[in-house]
Amino acid sequence: NRLTGFLGEESVMNFHLEPISDLKFQIYHDLRLFHGNYYFQIDILILCAYFAMVLEVKNWAKDWHFDKVLHQTMVDKNGKMERTKNPVFQARLQAFKLREWLKQHNITGMPIQYLFVNSNEKSNIIIQDDNKYKWNVCNSEYLLEKIDQINNDYKIELLDEKELRKINKLLLSN
């Protein structure tokens, strides 16, 4: 349901990301960017001078099961396991497209992280410890901690204020 998804994104924006919105982070919601022959959509983009982060937010009242062997995602729907699009791979694809979009605008070298954020507190995330994508998954209440961990990995400022304003203008005018 589209409204449920939007409400999940809004809760992440207004509640979980609000504490960092006045800091060094620029936060964009529901971006629609043109690349190649098509538009692509990003639920939430976090941008700072050190890195960018694409968030794919889901607000489904279902448990998420991530299979490391087949790289597929299953949700529990009324006791029956049903395959669904993998939100980690969705975020990864959006990060790739964003990188290409930035290149198209002569902005290169920006590390782009991606993350699936479960915004429904009634849902569980089931992922094996040895699944390499476990670092790209979190519940919304852990999001600030996740951003802090990623922020600590980047020490070199890649964009100055002028470049950040340029990206901001491009994002908002697209």
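Check the entry above for the structure.
The paragraphs below set out a description of the structure included in this document. Because the structure is predicted, anything quoted here is derived from the model rather than measured.

## Some points on the sheet that holds strand β5 (residues 72–77)
Link 1 in the chain: Judged by pairing direction, the sheet is mixed, and its 4 strands sit side by side in the order β6-β5-β4-β8 without closing on themselves. Of all the strands in the sheet, the pair left with one neighbour each is β6 (80–84) and β8 (125–127). Pairs of neighbouring strands in the sheet enclose a mean axial angle of 25°, with direction left out of account.
Link 2 in the chain: Across 4 bridges, strand β4 (residues 64–67) lies against β5 in antiparallel orientation. Looking at the pairing, His65 lines up with Met74 of β5.

## Here's the deal with the sheet that holds strand β3 (residues 52–58)
Link 1 in the chain: Across the sheet, which stays open at both edges, the 5 strands sit in the order β1-β2-β3-β7-β9 with mixed pairing between neighbours. Both edges of this open sheet fall to β1 (26–35) and β9 (137–139), since each of them pairs with a single strand only. When strand polarity is set aside, the average angle formed by the axes of neighbouring strands in this sheet is 40°.
Link 2 in the chain: Judged from the 3 bridges that link them, strand β7 (residues 112–118) and β9 form a sheet pairing that is parallel. Residue pairing in the sheet places Val117 in a bridge with Cys138 of β9.

## Observations concerning the packing of aromatic side chains
Link 1 in the chain: Scanning the entire structure with this criterion turns up 8 aromatic pairs.
Link 2 in the chain: Relative to Tyr39, the ring of Phe34 has its centre 4.9 Å away and its plane inclined at 65°; by these criteria the two rings are edge-to-face.
Link 3 in the chain: Judged by relative accessible area, which is 33%, Phe34 ranks as partly exposed.
Link 4 in the chain: Taking the relative accessible area as the measure of exposure, Tyr39 reaches 45% and is therefore partly exposed.
Link 5 in the chain: Ring centres of Trp64 and Phe66 lie 6.5 Å apart, and the angle between their planes is 20°; on these two criteria the pair is classed as stacked. There is no split in this pair, since Trp64 and Phe66 are both buried.
Link 6 in the chain: Ring-pair connections join several aromatic residues into one group, and the members of that group are Trp60, Trp64, Phe66 and Phe116.

Definitions and limits used
- Residues numbered from 1 in each chain as written.
- Predicted model: local features only at pLDDT ≥ 70, side-chain atom pairs only at ≥ 80, totals over all residues.
- Heavy atoms only, no water.
- Pairing = 2+ DSSP bridges.
- Helix = DSSP H or I, 4+ residues; strand = E, 2+ residues; numbered from the N terminus.
- Axes fitted to C-alpha atoms, helices over the stretch in contact; angles between N-to-C directions.
- Phe/Tyr/Trp six-rings, centres within 6.5 Å; stacked < 30°, edge-to-face > 60°.
- Buried < 20%, exposed > 50% of the residue type's maximum accessible area, 1.4 Å probe, protein only.

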